[in-house]
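Below are the chains, spelled out letter by letter.
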Amino acid sequence: MVTAADTVIALEMAVGDVAAVKEADMNGDGKVTSLDALMILQTATS
Ligand SMILES: [Ca+2]
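Remember, predicted model here, so these are calculated numbers, not experimental data. Here the residue numbering is sequential within each chain, running from 1 through the sequence in written order. Residues qualify for local features only when their pLDDT is at least 70, as the model is predicted, and side-chain atom pairs are given and counted only at 80 or more; totals for whole chains, interfaces and linings, by contrast, use all residues.

Chemist: Can you help me understand the overall build of the chain in this one?
Modeler: Helices and strands together make up the secondary structure of the chain, namely two helices and zero strands. Projected onto its principal axes, the C-alpha positions of the chain cover 25 × 20 × 15 Å. Three exposure classes are used, based on other C-beta atoms lying within 10 Å of a residue's own C-beta, which is placed from the backbone: buried for 20 or more, exposed for 12 or fewer, and partly exposed in between. Counting the 46 residues in the chain, one finds 20% classified as buried. The contact rule is simple: place each C-beta atom from the backbone, and if two of them lie within 7 Å, those residues are in contact. By sequence separation, contacts in the chain at least 24 residues apart represent 40% of the contacts at least 6 residues apart. Each helix corresponds to a stretch of at least 4 residues labelled H or I by DSSP, and each strand to a stretch of at least 2 residues labelled E; elements are numbered beginning at the N terminus.

Chemist: Sorry if this is basic, but what is going on with the nonpolar core here?
Modeler: One recurring pattern in soluble globular proteins is that nonpolar side chains are buried together. Nonpolar core, as used here: buried Ala, Val, Leu, Ile, Met, Phe, Trp, Tyr and Cys residues forming one set through C-beta atoms within 7 Å. Membership of the largest hydrophobic core is limited to seven residues, which are Ala-10, Leu-11, Met-13, Ala-24, Val-32, Ala-37 and Ile-40. Of all elements in the fold, only α1 (4–15) and α2 (34–45) reach the threshold of two or more residues within this core. Among the elements that make up this core, the one with the highest residue count is α1 (three residues). Setting aside its immediate chain neighbours within four residues, Leu-11 contacts Ser-34 and Ala-37.

Chemist: What is the right way to read α1 from this model?
Modeler: In an α-helix there are 3.6 residues to a turn, and that puts residues three or four apart on one side. Here, expected helix span is obtained from the residue count minus one, scaled by 1.5 Å. In a regular helix each residue adds 1.5 Å, so twelve residues correspond to 16 Å; α1 covers 18 Å between its end C-alpha atoms and thus fits that length. Regarding α1, the residues found buried are Thr-7, Ala-10, Leu-11 and Met-13. Buried residues along α1 cover an arc of 155° about the axis, so they all sit on one side. More than 90 degrees from the buried face of α1, the exposed residues found are Ala-5 and Val-15. By definition, the arc is the one covered by directions from the helix axis to the C-beta atoms.

Chemist: Would you mind going over the packing of α1 against α2 with me for this structure?
Modeler: To characterise two packed helices, one gives the angle between the axes of the helices and the distance between these axes. Here the axes come from fitting lines to C-alpha atoms, over the contacting stretch only for helices, and the angles between their N-to-C directions go from 0 to 180 degrees. Packing of α1 against α2 brings their axes to within 8 Å, and their N-to-C directions diverge by 175°. By the angle class used here, α1 and α2 are roughly antiparallel. Residues Ala-4, Asp-6, Thr-7, Ala-10, Leu-11 and Ala-14 of α1 touch α2, and the partners they reach there are Ser-34, Asp-36, Ala-37, Ile-40, Leu-41, Ala-44 and Thr-45. Relative orientations are named as follows: roughly parallel for angles under 35 degrees, roughly antiparallel for angles over 145 degrees, roughly perpendicular for angles from 65 to 115 degrees, and oblique for any other angle.

Chemist: Where do I start with the environment of Ala-24 in this structure?
Modeler: Assignment of secondary structure puts Ala-24 in the loop between α1 and α2. Note on Ala-24: 23 C-beta atoms within 10 Å, which makes it buried. Setting aside its immediate chain neighbours within four residues, Ala-24 contacts Ala-10, Met-13, Val-32 and Asp-36.

The analysis is restricted to geometry; functional conclusions fall outside its scope.
So, in structure tokens, the structure goes:
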């Protein structure tokens, strides 16, 4: 299950504070960015 807390983790991946995992790459472009974090947030709140 995706939660709003996962958005924070994804943002940490986007800035390089945490090692990125492929599960956080929501749009499949090969990297975790703030866009992926936004998509995670939308999933968590829908
Ligand atoms: Ca991505």
